[in-house]
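Notes for the structure review
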Amino acid sequence: MNNGIKLRIIKNSIFKILVILVSFILVIPLFLIFFYIFKMGISSINIDFLINLPKPVGETGGGVSNAIIGTFMLIILSSIVSVPLGIAAGVFLSENRSSKLAGITSSCIEIIQGVPSIVIGIIAYVWVVKPMGSFTALSGSIALAIIMLPVIVKSTEETLILIPHSLKEAALSLGVPYYKVIIRVILPSGLSGILTGILLSLARISGETAPLLFTAFGNPFMNLNLLKPVNSLPLLIFNYAASPYPEWHSIAWGASFVLIALVLVLNLTAKGIARKWKVQF
Amino acid sequence: MISDRIFRYFLYCSAIIVVLLLVSIFITLLNDSMLSIRHFGIGFVTSKEWDPVKNDLGSFPFLIGTLLTSFLALAITMPFSLGIAIFLGEFYREGFVSTFLKTVIELLAGVPSVIYGFWGLFILVPIIREFQVKFHVTPYGVGIFTSSVILAIMIIPYSASIIREVITLVPNDIKEAAYSLGATQYEVIRYIVIPNSLSGIFAGFLLSLGRALGETMAVTMVIGNSNFIPTSIFSPANTMASVIANEFTEATTDLYLSSLIQIALILFIVTMIINMIGKFVIRKLGYSDKSKKKMK
Amino acid sequence: MESTVLEVKNFSAFYDRVAAVRNISMDFYTNRITAIMGPSGCGKSTFIRSINRMHELTPNAGVSGEILLDKVNIYSMSPILVRRKIGMVFQRPNPFPTMSIYENVTSGYRLNGIKLSKHERDSIVEDSLRKASLWDEVKDYLHRKGTFLSGGQQQRLCIARALAVKPEILLLDEPTSALDPKATNSIEKLIVELKQTVTVIIVTHNIAQAARVSDYTAFLFLGELIEYGLTDKMFTTPKDKRTEEYLTGKFG
Ligand SMILES: Nc1ncnc2c1ncn2[C@@H]1O[C@H](COP(=O)(O)OP(=O)(O)O)[C@@H](O)[C@H]1O
Ligand SMILES: [Mg+2]
């Protein structure tokens, strides 16, 4: 009997050690990824890298300013489409929870969220690139807007659901019209949650490549025209990584560093907002 | 009040737009695949030949490539995500180590897929090539196995967090009952926690599979882009997503383009079904007596 | 003459170094029912959970002093063994939801990695369910889930599950507080019968229940043992003023 217990206790310890080992193996790839991006990236990064344009093959130096500007242009454009629409749909869902349309809409949101991003790229191609006859920044933004939409809708809905009903009733009982109650009372109370959602969705789309391959397409030059192809950091990394030139590889490492930094900053800001501004009910 | 009416109408429209968006995505894919569907019929998914020049377009190799990479990735993921879920859900729910591991997971989840691909191509591929030389496998470096490893790293954070949540839903009182009968923590996990969260664990893996199937960039960069049926797990191949990424801008004929869109349509439908099942199971988990397991 | 099965000596239990149970010394007697009563939050659960070392599963929990089971300090034994010798039934019925009634009863063996023959299992199931007065009600549904039973039946199933591993002592932490009066009545009857087989320690904040079922009663207040003795005596002539106040409903 006692022997059996010893054996079981040993088994228990072995299991625990195994679980700990298996869990911490995950640290290895993380370390390797960040280590290499830091090591390879930091050496190519300087002020010139951030403000210069890429140089043709053979010339050293050159930067990624067009990709940085392009990335910002794409995510700002997508936000213009998705943020208002997403918040409105989120408000609708939280305000009409039991309606049939709300049920259908939230199912659609979940499905859209699961659509592979490359498929969204094809959609934007068919809807925008094909009729306009050329790759454009606009089409890339449409693709990214579709990708970020579900994140915004869901975070808005989830935030607003937590706001107590009494708050709305109190405002309505003062004779404030419904739209003002939503805009002046409900949305501001849920601001931190909604903002967190927006930032997280931005973090997500700033790293997206697949939907841009045949929409924004990439561009070696600086472009601020919505109706022309535009470069972005992920596109540049993909194109340069696939090239045979070592100079381009080091630019891709540098761009990876910038991209990771951007994604991290967006994620951390989102976290910070969620924690600091959390409204207690 | 008129402004209230307009406002409500605006909210209503936004919801309608979301629904229309999904419907139009589906119709667009279907409409633009029609050419290929009509031309190839069922042969599109059974034919092994993908030769755009001869307009012989069979997507079977990509179906195989996708299934192999995804399921291999899922298999690699399983022990790790289960381990992490148990670590965070049972052993260390709070405290320094758990915060550390959670941070690691969040960081991994935040890395863009193109960076995984780039890193895989320049760091992982040479390592795997060396192993292949050692074990006398054709040293491509790139291929299904490499893609699966990268995919696994990418989906572990996702499946681990779902499973962790599911595990923490197991009511404390039945765990206490097991402890009070003299079970060790291992026995509680094995006989109580896992059986009680089985359907949730299944859903977690299913949702991860859905992610793996549609993941594009990382796979495209390390799979070796071969349009033939893979002969081993170390062969170069193409997945449905990677063949689209590679060939879409080169697709010169309407039929070629339509075939690629049909691949996207298949991908869309498969991932949609998988996600719907997974989310349905997760939502169903009110817990207590859910898992309908046979008793004998 | 009573024989002692469990001796508690200068025992204290802590959460984050704050004592929830303070310096308790008392003996529990073989095949007797001892009730532990006191107002809510006075440390009854903490104390009873210390007796089978469940207390230490709470993070930052601590103990001092000794609890001797058959003269051996349980804090020098393996907690696994202690818990098998001292079974427990909880406030809310908690049958294992993935297991059938049959499997619930034998789960103590399965969880302890003990293999039994089909014959042994069958007889343990029948024996335990009979002891828990549940056999007649469930004998035709042994392979259905335990969660389909009524609350009172579920609690008796939990008692059967605890009895199946043949413990020396059975701890019950307010076993009827989640049940309706009828179910409570049947559980109380069962508890009285149980003392043929095991020593019973039952926590209750229901004074009448303590009077109905127990041989001995301990009154706990703010983590301290105020009074302990034969139930009849304590209820008729309490020695301490606080006990008297509690029994007459002045507080708690
Ligand atoms: N997990 C815990 N952490 C900290 N304090 C606790 C915990 N559980 C109980 N306590 C405290 O210990 C005291 C005794 O609680 P308990 O033993 O549950 O009382 P009872 O069962 O008599 O109602 C209470 O003051 C309670 O607040
Ligand atoms: Mg209690």
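So, how was this worked out
Residues numbered from 1 in each chain as written. Chains lettered and ligands numbered in written order. Predicted model: local features only at pLDDT ≥ 70, side-chain atom pairs only at ≥ 80, totals over all residues. Heavy atoms only, no water. Patch = residues over 30% accessible without salt bridge, like charges linked within 9 Å, V, L, I, M, F, W, Y side chains within 5 Å. Areas by Shrake-Rupley, 256 points an atom, 1.4 Å probe, with all protein chains shown as cover. Salt bridge = Lys/Arg side-chain N within 4 Å of Asp/Glu carboxyl O. Helix = DSSP H or I, 4+ residues; strand = E, 2+ residues; numbered from the N terminus. Buried < 20%, exposed > 50% of the residue type's maximum accessible area, 1.4 Å probe, protein only. Axes fitted to C-alpha atoms, helices over the stretch in contact; angles between N-to-C directions. Parallel < 35°, antiparallel > 145°, perpendicular 65-115°, else oblique. Contact = heavy atoms within 4.5 Å. Nonpolar A, V, L, I, M, F, W, Y, C, P; charged D, E, K, R; others polar. pLDDT = per-residue confidence, 0-100. Near = heavy atom within 4 Å. Polar contact = N/O pair within 3.5 Å; in protein donor to acceptor, adjacent residues only side chain to side chain. Buried area = accessible area lost by both parts, 1.4 Å probe.

Residue and element names in this part refer to chain B. A cluster of nonpolar side chains, contributed by Val23, Phe26, Ile27, Leu30, Phe202, Ile269, Ile273 and Ile277, occupies part of the molecular surface with about 640 Å² of accessible area. Among the elements of the structure, helix H1 (2–40) and helix H12 (254–284) are those that each provide at least two residues to the nonpolar patch. It is H1 that provides the largest number of residues to the nonpolar patch, a total of 4 residues. For isoleucine 277, the location among the structural elements is in helix H12. Here isoleucine 277 falls in the partly exposed class, since its relative accessible area comes to 40%.

Residues and elements named next belong to chain B. It is at 12 Å that the axes of helix H3 (residues 60–91) and helix H8 (residues 185–196) come closest, and there the two elements cross at 105 degrees. Relative to H8, H3 is oriented roughly perpendicular. Between H3 and H8, the residues in contact are Leu82, Ile86, Glu90 and Phe91 and Gln185, Ile189, Val193 and Ile194, respectively. The class makeup of the residues in the contact of H3 with H8 is 6 nonpolar, 1 polar and 1 charged.

In the predicted model, chain C carries a mean pLDDT of 94, and the fraction of residues at 70 or more is 99%. Overall fold confidence (pTM) sits at 0.92, and the ipTM for the predicted complex is 0.94.

Residue and element names in this part refer to chain C. Every residue lining ligand 1 is accounted for by Tyr15, Ala20, Ser40, Gly41, Cys42, Gly43, Lys44, Ser45, Thr46 and Thr58. Separating a nitrogen atom of ligand 1 from a side-chain N or O atom of tyrosine 15 is a distance of 3.4 Å. Between ligand 1 and lysine 44 there is a distance of 2.9 Å, counted from an oxygen atom to a backbone nitrogen or oxygen. Looking at the shell around ligand 1, the element that brings in the most residues is helix H1 (residues 44–51), giving 3 residues. Its residues assigned to classes, the shell around ligand 1 shows 3 nonpolar, 6 polar and 1 charged.

So, on to the interface of chain B and chain C. One widely used convention gives an interface's size as the accessible area the parts lose upon coming together. Between chain B and chain C, the contact holds 21 residues from the first and 30 residues from the second. Counting the surface lost from both chain B and chain C, the interface buries some 2,200 Å², and carbon and sulfur atoms represent 63% of this. The interface formed by chain B and chain C contains 1 salt bridge. One salt bridge in this structure joins arginine 49 of chain C and glutamate 176 of chain B, with 2.6 Å as the shortest N-O distance. Applying the counting rule to chain B against chain C returns 3 residue pairs in polar contact (both at pLDDT 80 or more). Secondary structure elements with two or more residues in the side of chain B that touches chain C: helix H7 (172–180) and H8 of chain B.

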